[in-house]
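# Chain and residue survey
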Amino acid sequence: MEHRRICVAGSINVDLIAYVDDAPEAARYSGGRGFQMSAGGKSLNTAMTIASLLPVDLIGRIGDDDFGVFVGRTLGAARVGTEGIVVDDARGTGVGHVRVSAAGEYDTVVVPGANDGFSREDIDAYLDGNAAPHLAVLNLEVPLPTVLHAARSFRAAGASVILNASPVQEGARTLLALADVVVLNADEARLVLDLPEEQDPPALLAALRAAGARAAVITLGAHGAAYVDDAGTRGRIRGVSARVVNTIGAGDSFLGGFVAALAAGHSFHDALVFADRAGRIVCGKQTSYLASTDRLALDDTQEAPSIPSLKEPEPSHG
């Protein structure tokens, strides 16, 4: 079955995660229940989720260090395309220092490292050496000038741009007209639009369209998502409660599931139903993205459309 080629461009980190007994804000010194190191960053999480379903390339920067080697091994095991990853000799791999509460909520301090060096030249080098993707996925966890250049360059090459407008940076509004689909949560929408008091998702969607967005999705956590597609049709998907281990990467995996479903030919609405399922499954995992072993759980629902396996089967080891 044919599918649309996908490229994710942006942030790559290593997450150092401590599971604590108290809420992160409750104490300066907290007892820990566990620790793990995981590959992370918004773009990596999104690419890893897509890679569990469809082929995908990742563009970004890592450092020439042990964390960079760890990231490379993780991406290789998932068979993410890494031709667009640059090893930065001047900066270390980005790091997320994360604490997760017993309720699964988290706070994080991000040291961007090599992500701050992500440049226009990195985008140009990828497009010079590879066929343009059908879908290009961007976020704001890297320098805004690079994201602007990426959006313009991918669109000029014929790609549809899906922008996760997170974390919100000053000037993010300028990207709305360069994206075919904008995905963000309600708080981010209020920041981008400078509408701090607006609580109505349909009003926020209308404001996003008025600001230049062709289609937009506002994620609403446990309440699902509201959307307007490029034809102006509005809709909503209902949320379903999830078992929560941690919420790291839930939004990134929602995005990855949405992009994979669009690439496989599903409608805008059905792609969001699938995306919600992907985000809920990640909430119940310690890793911040889907793996190929999660496919059964993704398909085990009458609500979400199934995504056909378009990757070559994994080699057997037994």
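Residues numbered from 1 in each chain as written. Predicted model: local features only at pLDDT ≥ 70, side-chain atom pairs only at ≥ 80, totals over all residues. Heavy atoms only, no water.

The next point concerns the pattern of salt bridges. The tally for this structure, following the rule as stated, stands at ten salt bridges. Notably, a salt bridge pairs Lys42 with Asp252, separated by 2.8 Å at the nearest N-O pair. Pair noted here: Lys42 is in helix H1 (residues 42-51) and Asp252 is in helix H7 (residues 250-263), with a separation of 210 residues, a long-range link. Across the pair Arg280 and Asp276 runs a salt bridge whose closest N-O atoms are separated by 2.9 Å. Within this pair, Arg280 and its partner Asp276 are both found in helix H8 (residues 268-283), separated by four residues, close to a single helical turn. Neither residue differs from the other here; Arg280 and Asp276 are each classed as buried. Each of Arg61, Asp88, Arg91 and Asp122 takes part in a single network of salt bridges with overlapping partners. (Salt bridge = Lys/Arg side-chain N within 4 Å of Asp/Glu carboxyl O. Helix = DSSP H or I, 4+ residues; strand = E, 2+ residues; numbered from the N terminus. Buried < 20%, exposed > 50% of the residue type's maximum accessible area, 1.4 Å probe, protein only.)

With that settled, the discussion passes to helix H3 (residues 120-129). For H3, the complete set of buried residues consists of Asp122, Ile123, Tyr126 and Leu127. Seen from one end, H3 has its buried residues packed into an arc of 130°, which puts them on one side. Structural note: H3 exposes Glu121, Asp128 and Gly129 on the side pointing more than 90 degrees away from its buried face. The elements touched by buried residues of H3 are strand E1 (6-9), strand E4 (57-63), strand E5 (81-88) and helix H4 (144-156). (Arc of directions from axis to C-beta. Contact = heavy atoms within 4.5 Å.)

With that settled, the discussion passes to the sheet that holds strand E11 (residues 216-219). An order of E5-E4-E1-E8-E9-E10-E11-E12-E13 is seen for the nine strands of this open sheet, with the pairing classed as mixed. Two strands bound the open sheet, and with one partner strand each, they are E5 and strand E13 (234-237). Adjacent strand axes in the sheet meet at a mean angle of 20°, parallel and antiparallel pairs treated alike. Bridge count between E11 and strand E12 (residues 225-228): four bridges; the pairing is antiparallel. Residue pairing across strands places Val217 opposite Tyr227, the latter belonging to E12. Each of strand E10 (181-185), E11, E12 and E13 touches H8; the most contacted strand, E13, lies at about 25° to it. (Pairing = 2+ DSSP bridges. Axes fitted to C-alpha atoms, helices over the stretch in contact; angles between N-to-C directions.)

So, about the sheet that holds strand E6 (residues 94-100). Overall, mixed pairing links the four strands, which are arranged E3-E2-E6-E7 in an open sheet. Sheet topology places strand E3 (32-40) and strand E7 (106-111) at the edges, where each strand pairs with a single neighbour. Strand after strand, the sheet turns through a mean of 15° between neighbouring axes, direction not considered.

Time to look at the packing of H1 against H7. Across the interface, H1 lies against H7 with an axial gap of 8 Å and an inter-helix angle of 45°. Between H1 and H7, the crossing angle belongs to the class labelled oblique. The two elements H1 and H7 meet at a crossing, and its hand is right-handed. Residues Lys42, Asn45, Thr46, Thr49 and Ile50 of H1 form the contact with H7, whose participating residues are Asp252, Ser253, Leu255, Gly256, Gly257 and Val259. Of the residues belonging to the contact of H1 with H7, the class tally is three nonpolar, six polar and two charged. (Parallel < 35°, antiparallel > 145°, perpendicular 65-115°, else oblique. Left-handed = near helix turned anticlockwise from the far one by under 90°. Nonpolar A, V, L, I, M, F, W, Y, C, P; charged D, E, K, R; others polar.)

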